[in-house]
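Notes for the structure review
What follows is each chain in one-letter form.
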Amino acid sequence: MSFSDFHGNSDLVHRLRDMLARNHFPQAVILAGPAGSGKYTLALMLAKAMNCLSPLVTDGLPDFCGKCSNCVHIALSQDLDSRFAEAVEARENLRETDKKETRLFVQTHPDVLVIPPDPPQMMIKVDQVHRVIETIYYRPGEAKERVYIFTQSSFMKEAANSLLKVLEEPPEFATIFLLTENPGELLSTIRSRSMIVTLAALPAEEVEQDLALHRPEWTAKQRALAARLSNGAIGAARSFDVAGYTAARAQALTILNSALRGADHSELFKVTETYRAGAEGRDKIEKLLRTLYSLLQDLVFLNSGTPELVRNADIQGELKRLAEATDFDWIALAADRLNDVERGTRRNLVRSLSLDAFATALERV
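The sections below set out a description of the structure shown in this document. Residues take numbers from 1 onward in each chain, read along the sequence in its written order. Per-residue local features of the predicted model are confined to residues with pLDDT of at least 70, and side-chain atom pairs are confined, for both listing and counting, to 80 or more; whole-chain, interface and lining totals are unaffected and use all residues. Just so you know, side-chain values use all the structure's heavy atoms and leave hydrogens and water out.

Remarks on the pattern of salt bridges
Selection criterion: Basic side-chain nitrogens of Lys or Arg form a salt bridge, by our definition, when they fall within 4 Å of a carboxyl oxygen of Asp or Glu. Here a strand is any run of E in DSSP of at least two residues, a helix any run of H or I of at least four, and the numbering for each starts at the N terminus. Relative accessibility thresholds used throughout: buried, under 20% of the residue-type maximum; exposed, over 50%; partly exposed, between the two (1.4 Å probe, protein chains only).
Taken as a whole and assessed by the stated rule, the structure comprises 19 salt bridges. The shortest N-O distance in the salt bridge between Asp98 and Arg95 comes to 3.1 Å. Put simply, Glu172 and Arg139 hold a salt bridge, and the shortest N to O gap is 3.8 Å. Taken together, the residues span a long stretch of sequence, with Glu172 in the loop between α7 (157-168) and β7 (174-180) and Arg139 in the loop between α6 (126-136) and β6 (146-150) at a distance of 33 residues. Like Arg139, Glu172 is exposed. Residues participating in the shared-partner salt-bridge network are Arg91, Arg103, Asp118, Lys125 and Asp127.

Side note on the side chain of Arg249
Definition in use: A contact between two residues is defined here by any heavy atoms of the two lying within 4.5 Å.
Tracing the sequence through the fold places Arg249 in helix α12 (residues 242-261). Here Arg249 falls in the buried class, since its relative accessible area comes to 6%. Leaving out residues up to four positions away in the same chain, Arg249 has contacts with Leu225, Thr291, Leu295, Asn312, Asp314 and Ile315.

Considering the packing of α6 against α7
Operational definition: Whenever a helix is involved, its axis is fitted only over the stretch in contact; in every case the axis is a line through C-alpha atoms, and angles between N-to-C directions fall within 0 to 180 degrees. Working rule for angles: under 35 degrees goes down as roughly parallel, over 145 as roughly antiparallel, 65 to 115 as roughly perpendicular, anything else as oblique. Helix crossings are classified by the rotation of the near helix relative to the far one: an anticlockwise turn of less than a right angle makes the crossing left-handed, while a clockwise turn makes it right-handed. Under the scheme applied here, ten amino acids are nonpolar (Ala, Val, Leu, Ile, Met, Phe, Trp, Tyr, Cys and Pro), four are charged (Asp, Glu, Lys and Arg), and all others, including Gly, are polar.
Contact geometry of α6 with α7 gives a least axis separation of 8 Å together with a crossing angle of 15°. By the criterion of interaxial angle, the relationship of α6 to α7 is roughly parallel. In this structure, α6 crosses over α7, and the sense of that crossing is left-handed. Counted together, Val126, Val129, His130, Ile133 and Ile136 of α6 and Glu158, Ala159, Ser162, Leu163 and Val166 of α7 form the full contact between these two elements. Residue composition of the contact of α6 with α7, grouped by class: 7 nonpolar, 2 polar and 1 charged.

Comments concerning the side chain of Lys48
Rule in force here: Note that His is not counted, nor are the chain ends; the positive residues are Lys and Arg, and the negative ones are Asp and Glu.
Within the fold, Lys48 resides in helix α2 (residues 39-51). We note that Lys48 is buried and unpaired, the nearest opposite charge coming from Asp5 at a distance of 8.7 Å. Once residues lying within four places of it in the same chain are set aside, the contact partners of Lys48 are Phe64, Cys71, Ile74 and Ala75.

Some words on the pairing of β6
How we decide: The crossover handedness rule: strands pointing away from the viewer, path from first strand over the helix to second strand clockwise, crossover right-handed.
The buried count for β6 comes to 5 of 5 residues, which makes it a mostly enclosed element. Burial of the side chains of β6 extends over both faces: Arg146, Tyr148 and Phe150 are buried on one face and Val147 and Ile149 on the other. With respect to chirality, the unit in which strand β5 (residues 112-115) leads through α6 into the neighbouring parallel β6 is right-handed. With respect to chirality, the unit in which β6 leads through α7 into the neighbouring parallel β7 is right-handed.

Notes on the sheet that holds strand β4 (residues 106-109)
This is how the line gets drawn: Only strands that DSSP links by at least two bridges are regarded as paired with each other.
Here we have 6 strands laid out as an open sheet, ordered β4-β5-β6-β7-β1-β8, and mixed in their pairing. Both edges of this open sheet fall to β4 and β8 (195-198), since each of them pairs with a single strand only. The sheet shows a mean angle of 20° between the axes of neighbouring strands, direction not considered. Sheet topology places β6 next to β7; 5 bridges connect them, and they run parallel. Paired with Val147 across the strands is Thr175, a residue of β7. Most of the contacts of α6 go to β6, to which it runs at about 170°, and overall it touches β4, β5, β6 and β7.

Structural measurements only, silent on function.
Take a look at the structure:
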């Protein structure tokens, strides 16, 4: 694997590699982009390029071999979800008193530290930043450059202020990556001390081409659906749950049709009574709500005369029939009522009743 395997944003990647070649790479970089856009993958690639023991040159710019001990050990952090789960499990196995003092990290190379948000709040905490402060001023032992990767931008206030102190005087042999979907979540003082690099969304056609290689078991329609719903993010498209989404979409369409039909709610009740309490029910209703928002957005596109923007293009015929029965006021009301359902689920209201109330509130008699 090398930089040539990173899809899209070629000009941006070229610029970053050129900075490496000229030894002008900044000490702090904010990598911004939607979930699944490749921020974490790019950060690890740059960490390898900085520390490769047998560095390559491709297209006249620095690359990494992927085979030396540094590259291999850094690559072990690639499956972030698995490494995160391992760290959580390791902490759970500690004594109760030790759990409270232990923060989560992912580290497969002694000089490359990955800092994920710490549960249950899922935020970067001050003790995690203190670990960075404790180590960042020591020269790397096996690498050329110490690398720190914060995988999210949700910092507790004290943690953000502590990080700011490091960014004011970072050592020349350390690089900090801050990954975010929205740079505005970070303190303005952190942004001003970092270079912001934004990964652009890829065209749906390019994502479909990638899926043809990595998801050959999917049909062309499924690849098109995943490409449109991933917002131009390769990682999100490859991991898209086609079966789960289409199942949620079928139920979402039942709810919308019931709301527009207004009389017979038997099919509606069959759907909503399956939404039970508990963690499994929470995940299921979150997926349903995201799907409903997606369908409502497509109805807006159809009502505004821009069918080319519809993301659920494989059911465009059914969506057109729904659009003919709605207008902008109805869609706005539906979005508002859907927001009420979302707030209610956070307050542990009965999910099935919330969905019933959502549909009946939108009835057109």
